[in-house]
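A structural walkthrough
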Amino acid sequence: MSDPRPMACPGCIALPLDGEGPQARADDILLSLPDIHCQVCIRTAEQALTARDDVAAARVNLTLKRAYVTPQGDVSDDALIETLAGAGILAQPLDPSVLRSTETARAGQALLMRLAVAGFAAMNVMLLSVAVWSGATDATRDLFHWISAAIALPAVTFAGQPFFMGAWRALSAQRLSMDVPIALAIILALGTSLWETALSGHHAYFDAALTLCFFLLAGRYLEFRTRAAARSAAEELTALEVPRATRIIGGVPVDGPVAELSIDDLVLVRAGGRVPVDGIVTDGHAELDRSLLTGETIPVAAGPGTAVAAGEVVISGPLTIRATAVGRETSLHRLADLVAVAEAGRANYTPLADRAAALYAPGVHILAALAFVGWLIWAGDMRVALNIAAAVLIITCPCALGLAVPAVTTAASGALFRKGVLIKNATALERLAAVDTVVFDKTGTLTEGAPEVMNWNTLGREAQSVALALADASTHPLSKAIARLSGDRAALTAITEVPGFGTQALWRGKSVRIGRAGWAGPEEAGGGLMTWLDLGAGAPLAITFTDSLRAGAVEAVAALKNAGLHVEILSGDREGAVADVALAAGIDTMRANCLPEDKVDHIAALHAEGRTVLMVGDGLNDTGALAAADVSLSPATALDAARVASDMVLLGQSLAVLPDAVQCARAARRRISENFQIATVYNIVAVPLAVIGLATPLIAALAMSSSSITVSLNALRGTRR
């Protein structure tokens, strides 16, 4: 059944109100999951939550590290937290009003501090080890070993906490993760070293444990840096909600919180104000900035009977609006919910490293266990068996695997930044490399988003001077485009801007006007972007405008098509305007008159066809599509919510760097594949040596470090091929 309420934005019905599916609703419970970092964590948390009888649905957003739980009975935050704890997932109550930027900064500082401690301690222990390698014996050797232990134990305890805690949570939930073999390798290296030191043995491997921590933390910090820029576009949309509104009670305007508004209340919105509710205009004429819904910067006229939506800006006013939807039921809030759902869906992408880890972790445990049991049976010596098991764990420890993706991502991100593209998301390059379809928004993305007068020189000097004088007194974007032109201004009197219509004045005793058709021009105006000038005598003159293509747009489209990518335009503008831009840019496929949910639906349709989509957009109406696409990009001039929803930001004005970004991403994917191949070859050669006892934990640590350095150097070779 259709919703009987009048809707200014059909996007309001994109998310049904009956609670079907994992949607963000008023009664949703939000939980913070600060330690999740991969697809396994997402799947584990969602399965644990949905297994409860009192939970209807649950979804996890990796970018925000939070869970959205839709209850179907009485359930408390504490009960859900206990359920997640049983699955090995740390959860905390979430206060949505608390900004997460400080928390993110603290997390980065903590990782950097652990990395610094591990590196500093490793250097000092290695210096002490030099003396042992040089021939120190007996009491001198034991003293250096004990000093190394005094340095390594607190350093590893502090620096290795992320791995120890991750391994503990995984084992508590009876599952394996990459943190488990890492923690075991560190613990075994320390344990065997302490044992050897206590027995005055010749070898200790404290430096191996510290080196292990250092390289793994380096990979984790590189990954953190690329993810730290990602925030929720839904939060940015919610921030646009108006906190206070003017309600008309008994004919008297009364200011108060928006939360006190109800359906059928009369709300007054003055010029320059943002509409706080969905509703119908009952009184007043004005022009509305509806870029929230359509992405188009040209205002539309509003008068009695016009449907308006929350988030729209009244350019000229005031307007009196009868509320038809308030609070969480408004278009703006439901658009935020739409974006949140799309973000959660994109978070289900499984990075290459996680897919490799899913197979790698069990194999490492099995191999180390078999080596331990085999040598214990063969040699009958616990010390030998433990040393070989530790060597196997260290030599197979996934340092190279952990650095394979972050090192390449960091190098490629730096190269793209120098070209003018900022990478915000750790997996954006992986997803960009697989793109086969590019979808552009029109206004502000393919075009400059600023109208320019086309037929100015055909108007005549007097018409130009009157138009300039009238435009100077108007706030309309088309008038501003005229006002930017140079020329003499006519001497006008009684200048008045009529909200929703245009500007009028007296000139030489005649009434002159500039504005919309039907007021300053004919009732039936032709297509195209134009305004009308009435000089008080003769036929009104049409002033036409165009929106020029963004720099590099034609070159970018041609290069993308030459690379085998399919290119489309997806715009909220009129079909004629979109067709003109498509022709100028060389794009064959276009869709016009698209509202926010239309764009999301089209992205979903492309996915259903098996396409991998790059969405390029700049407006609030693009945020849903940006979040729903496989990978997304926004210009630096885009609205905050669009930039936040995007994986990449175009820092310059030219689109010509977009094909370079795609090529760089494909080269980065090749580098990642090469790094995995290097790690695989290394393990094929090194593991048998460790299993047969030819590699001590120290040699294993050196080999592991060598593989990590090789992977890093390969990443730094560049991503130009």
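Counting restarts for each chain: residues are numbered from 1 in the order of the written sequence. Local features are withheld for residues below a pLDDT of 70 in this predicted model, meaning they are given only at 70 or higher, and side-chain atom pairs are given and counted only at 80 or more; totals for whole chains, interfaces and linings count all residues. In computing side-chain properties, one takes all heavy atoms of the structure into account and sets aside hydrogens as well as water.

Judged by pairing direction, the sheet is antiparallel, and its 4 strands sit side by side in the order 2-3-1-4 without closing on themselves. Only two strands of the sheet have a single neighbouring strand rather than two, namely strand 2 (55-61) and strand 4 (92-93). Two elements, strand 1 (residues 29-32) and strand 4, share 2 bridges in a ladder whose sense is antiparallel. Pairing of L31 across the sheet is with P93, part of strand 4. Working rule for contacts: check all heavy atoms of both residues, and any pair within 4.5 Å makes them a contact. The axes are straight lines fitted to the C-alpha atoms, using for helices just the contacting stretch, and the angles between their N-to-C directions are given from 0 to 180°. Numbering of helices and strands starts at the N terminus; helices are DSSP runs of H or I of at least 4 residues and strands are runs of E of at least 2. Contacts from helix 1 (residues 39-50) reach strand 2 and strand 3 (66-71) within the one sheet, and its direction differs from that of strand 2 by about 165 degrees. Sheet strands in contact with helix 2 (residues 77-86) are strand 1, strand 2, strand 3 and strand 4, and its direction is about 45 degrees off that of strand 1. Pairs of strands are assigned from DSSP output, requiring at least two bridges between the strands.

Now for unusual backbone geometry. Excluding glycine, residues mostly have negative phi values, and the peptide bonds linking residues are mostly trans. You will see that D264, though not glycine, has its phi angle at about 80 degrees, which is positive. Position of D264 relative to the elements: it lies in the loop between strand 6 (252-257) and strand 7 (266-269). Phi at R508 takes a positive value of approximately 55 degrees, unusual for a residue other than glycine. Here R508 is to be found in the loop between strand 18 (502-507) and strand 19 (510-515). Each residue's exposure class comes from its accessible area (1.4 Å probe, protein chains only) as a fraction of the maximum for that residue type: buried when under 20%, exposed when over 50%, partly exposed otherwise. Relative accessible area serves as the criterion here: at 59%, R508 is assigned to the exposed category.

Turning our attention to the pattern of salt bridges. Throughout this description, the term salt bridge denotes a Lys or Arg side-chain nitrogen within 4 Å of a carboxyl oxygen of Asp or Glu. Here the structure, examined in full by the defined rule, presents 11 salt bridges. With a closest N to O distance of 2.9 Å, D54 and R52 form a salt bridge.

Of all hydrophobic cores here, the largest spans 42 residues; its most connected members are L432, F440, I587 and L614. A per-element tally of this core places helix 23 (residues 657-691) first, with 9 residues. If we skip the residues at most four places from it in the chain, F440 touches T445, L446, V557, L560, V567, E568, I569, L570, I587, V616, L655 and L658. Buried residues of nine kinds, namely Ala, Val, Leu, Ile, Met, Phe, Trp, Tyr and Cys, make up a nonpolar core once their side-chain atoms join them within 4.5 Å. Counting residues in hydrophobic clusters, the runner-up holds 27 residues, among them L115, I182, F206 and A218.

So, on to the packing of helix 18 (residues 553-562) against helix 23. Their axes nearest at 7 Å, the elements helix 18 and helix 23 cross at an angle of 30 degrees. In terms of axis orientation, helix 18 runs roughly parallel to helix 23. For the pair formed by helix 18 and helix 23, the contact residues are A556, A559 and L560 on the first element and L658, P659 and V662 on the second. Note on residue classes: Ala, Val, Leu, Ile, Met, Phe, Trp, Tyr, Cys and Pro are nonpolar, Asp, Glu, Lys and Arg are charged, and everything else, Gly too, is polar. Of the residues assigned to the contact of helix 18 with helix 23, the class counts are 6 nonpolar, no polar and no charged. Roughly parallel means an angle under 35 degrees; roughly antiparallel means over 145; roughly perpendicular covers 65 to 115; every other angle is labelled oblique.

The span you would expect from a helix comes to 1.5 Å times its residue count less one. The end-to-end C-alpha distance of helix 4 (residues 138-159) is 31 Å, a good match for the 32 Å that 22 residues give at a rise of 1.5 Å each. Among all positions in helix 4, only R141, D142, H145, S148, A149, A152, A155, V156 and A159 are buried.

In short, the description is geometric, and any link to function would need to be established separately.
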